[in-house]
Amino acid sequence: MKFWDSHCHLSTPGRTIDERMGRLMEIADRVGVERVVLSMGLPPLLTNPTPEQLRKKNDETMEALLHWNHRAFGLCYVSGEHVEESLKEIDRCVAKGPLIGIKLWVAKRCNTPEVETLVKRAHELKGLIVQHAWQKTGGNPPGESTPQDVAELAGRLPEVPMVCYHAGGNWEAGTRALRPHKNVYVEIAGSNPTAGFVEMAVREVGAERVVYGSDAAGRSFASQIGKVLGTQLPEATKELIASGNLQRLLTPILKAKGMTV
Amino acid sequence: MSTPIIDTNVFLGRWPFRRLPLDEAALLAKALRERGVKQAWAGSFDALLHHDVDGVNGRLAAMCQRTDEKLFLPLGTVNPALPDWEEDLRRCQEKYRMRGIRVFPNYHRYALNDAAFVKLLKLATERGMLVQLAVSMEDERTQHPLVQVPQVDLAPLVEVIKTVPGVRLQLLNAFRSLRPDLLLKLVNAGHVSVEIATLEGVAGIEELLKQVPVERLLFGSLAPLFYFEAAALKLQESKFSDVQDKAIRRENAARLMAR
């Protein structure tokens, strides 16, 4: 089964970005990962980047695509703390550049008007919109979104497809928070391969709204692929999660950019 | 054909916080057999929270025997924070014929330099029993708010291990908190092994083998709490020799249990 990984970073070792990409894709090949979606440039990942840092991270992501655009896509890292500069980055990197959507992390919660502005602009460009979300037992840092925040944003913008990374971390609460919002896709990366995760996601939101991702290279491709292949779900359902749903989500922006897969 | 697997980290019974797709012993046995597992070292989820440890161990032994005694090798629990735990250790070996024990210092609330734990290590070693130490069971970020259990602090173990010659200790679910420098100290301090259920990072085994001798690395899945495939695919994700592959899948575990 082929996998399209919706959630990767450049954290493999390497002296250059190209070496890091080579190593990432060498390992991806071993477990059937055909395509990867990158974001946030080189480590360290910055939780609350300045506008200058955002530009640098996006430059790094675009450099990673130079020799790998047949295997990799890139997202533009933006921040609700810097709306005007982030809008310029979307223009530079998505409208006029090679990136295919936006990544929102933990600088500002996504139920704010600032983030909504960025999401609307990305949607105008038909871009993929991904938002990190975790509901942590010990409490979240101030800028970190919960799945309930994503649900609030999705409710205000029902025509905008968006991906909630990590299924909200606490995936049992997350999938229920996101269930009513048919424009939200539940991504499964970056947590323990706890049995029952994907089965519950499929039960609650439907197979068409569950998307594979790993959070590699910090996470293992294998541990996250195991969440899909370890289920007893039908093969067709697994294929949707592994690659089909992400392909469908990316189709508008790829068409708009004249890219074929 | 791949080398048959010894899975050193499975559980029977009910996980306290949700039902799991394979939490019936017969279903788990069938799934493990289908995936090439020839032996599975099994502890009990009940051991985390129950006070009647002997009741837990008795049920575990019976369940292993009843379900598939050639597959499941039971590892009873001893809680040195409870009265009369020495008797539990004795029963594990003499009554239930267990070849090792599994301990949960974080759920049972003791530190690894507590005198009772050090004594447990010594007594288990005198009996020739393997000790498996579960460093964690789940990500602390997703724990039930009323049952927030920290990762076991392994730092004191470096000195403790040196005081128990001949000890055979395996760490389970260690990698969320275990840093490479501490792992190296532990491996050098005595016969400490680890398994891969919570190992993360791409090509994680390949990277780990740059630091730790392959002899100390065992296969573990944490099934049925984790999807078995998550561990199995880690073998595919890393590149290593056939000799190393066999060692991790089976031979290291067989040697560790046989000693």
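Definitions and cut-offs
Each chain carries its own residue numbering, running from 1 in the direction its sequence is written. Chains carry letters and ligands carry numbers; both start at the beginning, A for chains and 1 for ligands, and go up in the order they are written. Local features in this predicted model are restricted to residues whose pLDDT is 70 or higher, and side-chain atom pairs enter the listing and the counts only when it is 80 or higher, whereas totals over whole chains, interfaces and linings include all residues. Excluding hydrogens and water, the side-chain figures rest on all heavy atoms present in the structure. Only DSSP runs of H or I covering at least 4 residues are called helices, and only runs of E covering at least 2 are called strands; the numbering of each starts at the N terminus. Residue contacts follow a heavy-atom distance rule, with two residues in contact if any of their heavy atoms lie within 4.5 Å. Expected helix span is given by 1.5 Å per residue-to-residue step, counting one fewer step than there are residues. The angle between axes fitted to the seven-residue stretch ending at a residue and the seven-residue stretch beginning at it gives the bend at that residue. Burial classification: accessible surface area is computed with a 1.4 Å probe over protein chains only, and a residue below 20% of its type maximum counts as buried, one above 50% as exposed, and the rest as partly exposed. Strand pairing requires that DSSP identify at least two bridges connecting the strands. Orientation is described by axes fitted as lines to C-alpha atoms, over the contacting stretch for helices, and by angles from 0 to 180 degrees between their N-to-C directions. Note on definitions: buried area is the accessible-area loss of two parts on being combined, 1.4 Å probe, summed for both. Salt bridge, as used here, is a side-chain nitrogen of Lys or Arg placed within 4 Å of a carboxyl oxygen of Asp or Glu. Side-chain classes follow a simple rule in which Ala, Val, Leu, Ile, Met, Phe, Trp, Tyr, Cys and Pro form the nonpolar group, Asp, Glu, Lys and Arg form the charged group, and the remainder, Gly included, forms the polar group. What makes a nonpolar core is a set of buried Ala, Val, Leu, Ile, Met, Phe, Trp, Tyr and Cys residues whose side-chain atoms join them at distances within 4.5 Å. An angle below 35 degrees is treated as roughly parallel, one above 145 as roughly antiparallel, one from 65 to 115 as roughly perpendicular, and anything else as oblique. For any helix crossing, the convention is left-handed if the near helix is rotated counterclockwise from the far helix by under a right angle, and right-handed if that rotation is clockwise. A clockwise path from the first strand over the helix to the second, with the strands pointing away from the viewer, defines a right-handed crossover.

Looking at this model, I keep getting lost on the environment of Ile27(A). Mind explaining?
Tracing the sequence through the fold places Ile27(A) in helix α1 (residues 17-30). When the C-alpha positions of Ile27(A) and His70(A) are compared, they lie 16 Å apart, and in sequence the two are 43 residues distant. Residues within four places of Ile27(A) in sequence aside, it is in contact with Phe221(A), Val202(B), Ala203(B) and Glu237(B).

What is the right way to look at helix α9 (residues 235-256) of chain A in this model?
Side chains three or four residues apart in an α-helix point the same way, a direct result of the helix having 3.6 residues per turn. Residues and elements named next belong to chain A. Here α9 is 22 residues long and its end C-alpha atoms lie 31 Å apart, about the 32 Å a rise of 1.5 Å per residue gives. In the structure, α9 departs most strongly from a straight axis at Ile-241, where the bend amounts to approximately 55°. Of the positions making up α9, those classed as buried are Thr-237, Lys-238, Ile-241, Ala-242, Ser-243, Asn-245, Leu-246, Leu-249, Leu-250, Ile-253 and Leu-254. Once α9 finishes, Gly-258 follows within two positions and takes phi at roughly 70°, a positive value.

In this structure, what is going on with the sheet that holds strand β5 (residues 101-104) of chain A? I would like to understand it.
Picture the strands of a sheet paired through backbone hydrogen bonds; they go either parallel or antiparallel. Residue and element names in this part refer to chain A. Strand order in the open sheet made by the six strands is β4-β5-β6-β7-β8-β9, with parallel pairing throughout. Two strands close off the open sheet at either side, each with one partner strand: β4 (76-78) and β9 (210-211). Judged from the three bridges that link them, strand β6 (residues 128-132) and strand β7 (residues 162-165) form a sheet pairing that is parallel. The residue bridging Val-130 from the neighbouring strand is Val-163, located in β7. Where helix α4 (residues 113-124) meets the sheet, its contacts fall on β4, β5, β6 and β7, and the angle it forms with β5 comes to roughly 160°.

Whenever I open this one, the interface of chain B and chain A confuses me. Can you help?
The interface of chain B with chain A comprises 32 residues on the first partner and 38 residues on the second. For the pairing of chain B and chain A, the buried interface totals around 2700 Å² over both sides, and the portion due to carbon and sulfur atoms is 56%. Our count for the contact surface shared by chain B and chain A stands at five salt bridges. Ionic pairing is found between Arg23(A) and Glu207(B), a salt bridge with its closest N-O pair at 3.5 Å. Elements with a minimum of two residues in the side of chain B that touches chain A: α8 (204-208) and α9 (228-237) of chain B. Of the residues in the side of chain B that touches chain A, the class split is 11 nonpolar, seven polar and 14 charged.

Sorry if this is basic, but what is going on with the nonpolar core here?
In terms of nonpolar packing, the biggest core is built from 89 residues, with Leu38(A), Val119(A) and Phe221(A) touching the most fellow members. If one sorts the elements of this core by residue count, α9(A) sits on top with seven residues. If you look at the next biggest cluster of nonpolar residues, it comprises 70 residues, including Val103(B), Val135(B), Leu199(B) and Val214(B).

Mind showing me how you'd approach the pattern of salt bridges here?
Pairs can form between side chains of opposite charge whenever their charged atoms are close. Following the criterion strictly, the structure yields 45 salt bridges over all chains and no others. For Arg23(A), the salt bridge identified is with Glu206(B), shortest N-O distance 2.9 Å. Here Glu206(B) lies in helix α8 and Arg23(A) lies in helix α1, a pairing that spans two chains. Here Arg23(A) and Glu206(B) have matching classes, each one buried. Its salt-bridge partner being Lys162(B), residue Glu159(B) comes within 3.2 Å of it at the nearest N-O pair. Taken together, the residues span about one helical turn, with Glu159(B) and Lys162(B) both in helix α6 (residues 157-162) at a distance of three residues.

Help me understand unusual backbone geometry in this model?
If a residue is not glycine, its phi is most likely negative; likewise, a peptide bond is most likely trans. With an omega dihedral of 0°, the bond running from Pro43(A) to Pro44(A) counts as a cis peptide bond. With respect to the element layout, Pro44(A) can be found in the loop between β2 (33-38) and α2 (51-65). The residue after Ala223(B), namely Pro224(B), is reached through a cis peptide bond having omega 5°. Relative to the helices and strands, Pro224(B) is located in the loop between β9 (217-218) and α9. With a phi close to 65°, His166(A) is a non-glycine residue in the positive phi region.

What exactly am I supposed to notice about the packing of helix α3 (residues 85-94) of chain B against helix α5 (residues 115-126) of chain B here?
Packed helices, taken two at a time, are described by the angle between their axes plus the distance between the axes. Residues and elements named next belong to chain B. Packing of α3 against α5 leaves a shortest axis separation of 11 Å and a crossing angle of 25°. On the basis of their axis angle, the class for α3 and α5 is roughly parallel. Seen along the crossing, α3 lies across α5 with a hand that is right-handed. The residues of α5 that touch α3, namely those facing Trp-85, Glu-86 and Leu-89, are Ala-116, Lys-119, Leu-120, Leu-123 and Ala-124. The residue makeup of the contact of α3 with α5, split by class, is six nonpolar, no polar and two charged.

Would you mind showing me how to read the pairing of strand β7 (residues 168-172) of chain B here?
Each regular strand shows side chains that alternate between the opposite faces of the sheet. Residue and element names in this part refer to chain B. Within β7, five of the five residues are buried, leaving the element largely enclosed by the surrounding structure. Residues Arg-168, Gln-170 and Leu-172 line one face of β7 and the alternating positions Leu-169 and Leu-171 line the opposite face, and both faces are buried. The β-α-β motif built from strand β6 (residues 130-134), the intervening α6 and the parallel element β7 has right-handed crossover chirality. In terms of strand pairing, β7 meets strand β8 (residues 191-195) through four bridges, oriented parallel. The partner of Leu-169 across the bridge, within β8, is Val-192. For the crossover from β7 across helix α7 (residues 180-189) to β8, the handedness is right-handed.

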